Amino acid sequence: MSACPDRPAGPALDVEGPGAPPRSNGELVFAEPWESRAFAMAVTLADTGLFTWDEFRDDLVARIAAWEADHPDDEPFRYYRCWLAALEDRVVATGALDAVTVDERSADLAGRPAGHDHGDHGHGHGGHGHGHSNGSTPSPN
Amino acid sequence: MTDAPSDRLSPALRTEALEQLLVERELVDPTVMDTFISTYERDVGPLNGARVVARAWTDAEYRAWLLRDGTAAIKDLGYGGPQGEHMVVLEQTEDVHHVVVCTLCSCYPWPVLGLPPSWYKDPAYRAGMVRTPRRTLREMGLEVPEGREIQVWDSSAEVRYLVLPRRPAGTDGLDAEALAALVTRDAMVGVAEVAAP
């Protein structure tokens, strides 16, 4: 897969014109900040070769199919939730992380003990000094 | 609710956790992620595809090339990258109306259209366009004449489709730049026509 971040951005684009990308038709590309992070993580990992895009796509197809086969009647489809689940599936499948580690870190971020059996986390929270904020407030959807 | 699992299942938290862990293991570089995001939020969108369409409307040779080898002709205008490796361009005619869907996972030609809108990803669109395309198009505001065949193209693992809409009447005096401004994303997916100015 060819990389894209270093590609020249091309001609300047009008932000308000009729063809203005990609918020035209009044629609944001990402509904919430975490969606953009999940999107970019998958693209970056496919680009660097931790997995192939086709492998990720297969997991995404499976996650979407699973949601469509079984979900609460009142639950709307959330594409990037399937995307995130597929990303976790794929990362775990590579052996780079295990699911429990992600559970634990998520729980840490939520400010609560992770559970009963995992008292020995050796990880700190420093060292990720990139300045984005996903916000820790659980989304209502 | 009792065990408060909702926070642990919150996608925002899980995403943040995943990113932290991958960054700590030096498997992702957050600045590379930032670049991808800004690229697709700011730089890459339907205007790229609109320029391809406008070029095809004003340059017969380019149009022929585009229909024969979409990937190369699109790359020639500088648009390439993930999800654009294998492009096929579908030409709208009097006899056939093309419309694109990805029934399985919402594949979409990012380099020319940016990231897909929510309706493209919605189960109702993905299922409806395959089962009852004429009705689904009507519900989206496009009445396809009865005599015109509708061909639904389901994106495969490899191929991404771009629809080349019909040039609207009354635009003979417009140059490519003015024409590009008329072309909408929806027309390049095949759920709309390009309206005359």
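Residues numbered from 1 in each chain as written. Chains lettered and ligands numbered in written order. Predicted model: local features only at pLDDT ≥ 70, side-chain atom pairs only at ≥ 80, totals over all residues. Heavy atoms only, no water.

Enquirer: Please clarify how the packing of helix α1 (residues 33-48) of chain A against helix α3 (residues 30-43) of chain B should be interpreted in this entry.
Expert: What describes two packed helices is the angle between their axes and the distance between those same axes. Close contact between α1(A) and α3(B) brings their axes to 9 Å; oriented N to C, the two are set at 115°. With respect to α3(B), the axis of α1(A) lies roughly perpendicular. The interaxial crossing formed by α1(A) with α3(B) has right-handed handedness. Listed contacts from α3(B) to S36(A), R37(A), F39(A), A40(A), M41(A), V43(A), T44(A) and D47(A) of α1(A) are P30(B), V32(B), M33(B), D34(B), F36(B), I37(B) and Y40(B). The class makeup of the residues in the contact of α1(A) with α3(B) is 10 nonpolar, 2 polar and 3 charged. (Axes fitted to C-alpha atoms, helices over the stretch in contact; angles between N-to-C directions. Helix = DSSP H or I, 4+ residues; strand = E, 2+ residues; numbered from the N terminus. Parallel < 35°, antiparallel > 145°, perpendicular 65-115°, else oblique. Left-handed = near helix turned anticlockwise from the far one by under 90°. Contact = heavy atoms within 4.5 Å. Nonpolar A, V, L, I, M, F, W, Y, C, P; charged D, E, K, R; others polar.)

Enquirer: What exactly am I supposed to notice about unusual backbone geometry here?
Expert: Peptide bonds are trans in most cases, and residues, glycine excluded, mostly fall at negative phi. All names here are of chain B. Positive phi, close to 55°, is recorded for E26, a residue that is not glycine. You can see E26 is positioned in the loop between α2 (11-24) and α3. Classification of E26 by relative accessible area gives exposed; the value is 71%. A positive phi angle, close to 70°, is found at Q83, a residue other than glycine. Among the secondary structure elements, Q83 is positioned in the loop between α6 (70-76) and β1 (87-91). Looking at Q83, the relative accessible area reads 5%, which means it is buried. (Buried < 20%, exposed > 50% of the residue type's maximum accessible area, 1.4 Å probe, protein only.)

Enquirer: What is the right way to read helix α2 (residues 53-69) of chain A from this model?
Expert: Think of an α-helix as 3.6 residues a turn; residues three or four steps apart then line up on the same face. Taking 1.5 Å as the rise per residue, α2(A) with 17 residues should run 24 Å; its terminal C-alpha atoms sit 24 Å apart, in good agreement. All of the buried residues in α2(A) are W53(A), F56(A), R57(A), D59(A), L60(A), V61(A), I64(A) and W67(A). Where α2(A) is buried, its residues meet α1 and α3 (79-94) of chain A together with α7 (110-113) and α9 (123-131) of chain B. (Expected span 1.5 Å × (residues − 1).)

Enquirer: Just checking my understanding: could you explain the nonpolar core for this structure?
Expert: One recurring pattern in soluble globular proteins: nonpolar side chains tend to sit buried together. Membership of the largest hydrophobic core comes to 87 residues, with the highest contact counts inside it found for F39(A) and W83(A). Ranked by residues supplied to this core, first place goes to α1(A) with 9 residues. Counting only domains with at least three residues in this core, you end up with domain 1 (11-42) and domain 2 (44-189) of chain B. Beyond its immediate stretch of four places on either side in the chain, F39(A) contacts F30(A), Y80(A), W83(A), Y40(B), W110(B) and L115(B). (Core = buried A, V, L, I, M, F, W, Y, C linked by side-chain atoms within 4.5 Å. Domains from an automatic or database assignment.)

Enquirer: How do you make sense of the domain arrangement of chain B when you look at a structure like this?
Expert: For interface size, the figure often reported is the accessible area lost on association. Each domain of chain B was delimited in the assignment, giving domain 1 (11-42) and domain 2 (44-189). A straight line from the C-alpha centre of domain 1 of chain B to that of domain 2 of chain B covers 30 Å.

Enquirer: In this structure, what is going on with the pattern of salt bridges? I would like to understand it.
Expert: Pairing of side chains with opposite charge becomes possible as their charged atoms draw close. Inspection of the entire model under this criterion finds 18 salt bridges over all chains. Residue E24(B) is joined to R105(A) by a salt bridge in which the shortest nitrogen-to-oxygen separation is 2.8 Å. Separated into two different chains, E24(B) in helix α2 and R105(A) in helix α4 (residues 99-109) make up a pair that spans both. Residue classification places E24(B) among the partly exposed residues on the basis of a relative accessible area of 30%. By relative accessible area, which is 0% here, R105(A) ends up buried. When the shortest N-O distance is used, the salt bridge between R148(B) and E193(B) registers 3.5 Å. Pair noted here: R148(B) is in the loop between α10 (133-139) and β3 (149-154) and E193(B) is in the segment after α12 (185-189), with a separation of 45 residues, a long-range link. Residue class for E193(B) comes out partly exposed when judged on its relative accessible area of 30%. (Salt bridge = Lys/Arg side-chain N within 4 Å of Asp/Glu carboxyl O.)

Enquirer: What exactly am I supposed to notice about the confidence of the model for chain B here?
Expert: When pLDDT is low, close inspection of the predicted coordinates is not appropriate. All names here are of chain B. Per-residue pLDDT for chain B has a mean of 91; in total, 95% of the residues score no lower than 70. Mean pLDDT per element in chain B: helix α1 (residues 5-9) is the minimum at 45, and helix α5 (residues 60-68) is the maximum at 98. Across residues 1-8 the pLDDT falls below 50, and counting only partners more than four positions away or on other chains, this stretch makes 11 contacts in the model. Predicted as a complex, the structure gets a pTM of 0.78 and an ipTM equal to 0.84. (pLDDT = per-residue confidence, 0-100.)

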